[in-house]
Structures are given as structure tokens and as C-alpha cells.
Amino acid sequence: VQLQASGGGLVQAGGSLRLSCAFSGRTFSSYSMAWFRQAPGQEREFVAGIRGRGGSTSYSDSVKGRFTISRDNAKNTVALQMNSLKSDDTAVYYCAADATLILSSMRSASAYDYWGQGTLVTVSS
């Protein structure tokens, strides 16, 4: 499995960005997908996830209501629409994939077998 994240950049506080992650190598619809982020000096943290089967979603409390995760199984992509961005959202964002993830593990980075290279999001205040 290969994951290629894109869409990061510099945006002012209150603005929006849309991240995308292209998946290849296996049957995309069988994989649960997630976005994590890591700020300098911080641990990698869960942002949002979406199941492969059924498409149920989960969000961290810090982004709920501002970010939306979605997937397009025809295009093998997962997206993260980020609105009302804050300076605290500044981080490198990573997409992750796993085929055997159980719902209770969705927020755990160690549950994912595959990771993209990361894309930097910088929110200026």
C-alpha cells in the first residue's frame, strides 16, 4: 500500500484548506483511513477517521464541527476538509490506512500499518 498526501500550505486563521490522500496498491474500500497530525515537540495525534465498510466517521474533540473527513472509493482517495482553522491546527498532517482496524482502535496511531509522507499545514494568526 502506498499513500500520498497533498494539499497542505499556509493559511490565515479562520481560513480553509482541503487535504487529499491518494491510495494505491490494494482494494481501497477494504481499508479504514485516518488523518493524524504532529506539531513540533508534540506526539502524533488522531484527527479524524473513516471506516472502509459503512463509512462511519470519528473526530477528535478539537476538530469536531470544523473538519470533515470523506472518501471516494471510485477514485481511491480520502479527503480532509478543514474549516475555521486556528493556529493550534498548525502541524504536519499524515494519512494512515489499515485493513483490519476495529472501531475501538481507530484513534490509536499504532493500529495503522500504512502511512503517507505528511503534508505541512501552517495557520498564521
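Residues numbered from 1 in each chain as written. Predicted model: local features only at pLDDT ≥ 70, side-chain atom pairs only at ≥ 80, totals over all residues. Heavy atoms only, no water.

(A) Structural context of unusual backbone geometry. Here Asn76, not a glycine, exhibits a phi torsion of approximately 55°, which is positive. Inspection of the secondary structure puts Asn76 in the loop between strand S7 (67-72) and strand S8 (77-82). Take Asn76: its relative accessible area is 26%, and that puts it in the partly exposed class. One non-glycine residue, Ser84, adopts positive backbone phi at about 50°. By the element assignment, Ser84 lies in the loop between S8 and strand S9 (91-98). (Helix = DSSP H or I, 4+ residues; strand = E, 2+ residues; numbered from the N terminus. Buried < 20%, exposed > 50% of the residue type's maximum accessible area, 1.4 Å probe, protein only.)

(B) Inspection of the environment of Ser6 at higher detail. Here Ser6 lies in strand S1 (residues 2-6). In this structure, the C-alpha to C-alpha distance between Ser6 and Thr68, residues 62 residues apart in sequence, is 16 Å. Non-local contacts of Ser6, meaning those with residues more than four positions away in its chain, are made with Arg18, Leu19, Ser20 and Thr119. (Contact = heavy atoms within 4.5 Å.)

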